[in-house]
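Each chain is listed here by its residues.
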Amino acid sequence: MRLQYCCNATGSLYFTKRNTAVNQTIPYETSIVKTYKMNPAIYSMLPEDFPWSGRRLGRCAVVGSGGILKNSSCGREIDSADYIIR
């Protein structure tokens, strides 16, 4: 929610087919000179829209690598999340 007040995070932070076009020039956050041109191969891998578009998620799980989670007994809690970010 706080990102909505300072920047357009949904439009600028995440790439989807809805907010990005093939051959679109995308500026790097850390450089005012360098840009990236969206190519068809990368574009084809983008999701159509945000998985949470139009709704709020109740619970998110942010997880590390499989090695960190091994024998952690966190599987059920992770699986119960609405959205999982690895």
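How each quantity is defined
- Residues numbered from 1 in each chain as written.
- Predicted model: local features only at pLDDT ≥ 70, side-chain atom pairs only at ≥ 80, totals over all residues.
- Heavy atoms only, no water.
- Helix = DSSP H or I, 4+ residues; strand = E, 2+ residues; numbered from the N terminus.
- Buried < 20%, exposed > 50% of the residue type's maximum accessible area, 1.4 Å probe, protein only.
- Areas by Shrake-Rupley, 256 points an atom, 1.4 Å probe, with all protein chains shown as cover.
- pLDDT = per-residue confidence, 0-100.
- Salt bridge = Lys/Arg side-chain N within 4 Å of Asp/Glu carboxyl O.

**Quick notes on the overall build of the protein**
Argument step 1. When helices and strands are counted, the protein shows five helices and four strands.
Argument step 2. For the protein, the N- to C-terminal ordering of α and β elements is α-α-β-β-α-β-α-α-β.
Argument step 3. By residue count, 14% of the 86 residues in the protein fall in the buried class.
Argument step 4. Summing over all exposed atoms, the protein offers an accessible surface of approximately 7,200 Å²; the carbon and sulfur share of this is 54%.

**Some remarks on the environment of glycine 64**
Argument step 1. Here glycine 64 lies in the loop between strand E3 (60-62) and helix H4 (66-69).
Argument step 2. Exposure remark for glycine 64: the relative accessible area of 32% places this residue in the partly exposed category.
Argument step 3. With 21 residues separating them in the primary sequence, glycine 64 and isoleucine 85 have C-alpha atoms 8.8 Å apart.

**Looking at the confidence of the model for the protein**
Atom-level detail of predicted coordinates should not be read off regions where pLDDT is low.
Argument step 1. Of the residues in the protein, 79% reach a pLDDT of 70 or more, and the chain-wide mean stands at 81.
Argument step 2. Model confidence for the protein, summarised as mean pLDDT per element, is weakest for helix H2 (residues 9-12) at 56 and strongest for helix H3 (residues 40-45) at 94.

**Focus on the pattern of salt bridges**
Should the charged atoms of two oppositely charged side chains come close, the side chains can pair.
Argument step 1. A complete count under the given rule lists two salt bridges for this structure.
Argument step 2. Across the pair lysine 17 and glutamate 48 runs a salt bridge whose closest N-O atoms are separated by 3.5 Å. Within this pair, whereas lysine 17 is found in the loop between H2 and strand E1 (25-27), its partner glutamate 48 is found in the loop between H3 and E3, the two being separated by 31 residues in sequence.
Argument step 3. Exposure remark for lysine 17: the relative accessible area of 22% places this residue in the partly exposed category.
Argument step 4. Glutamate 48 gets classed as exposed once you look at its relative accessible area, which sits at 55%.

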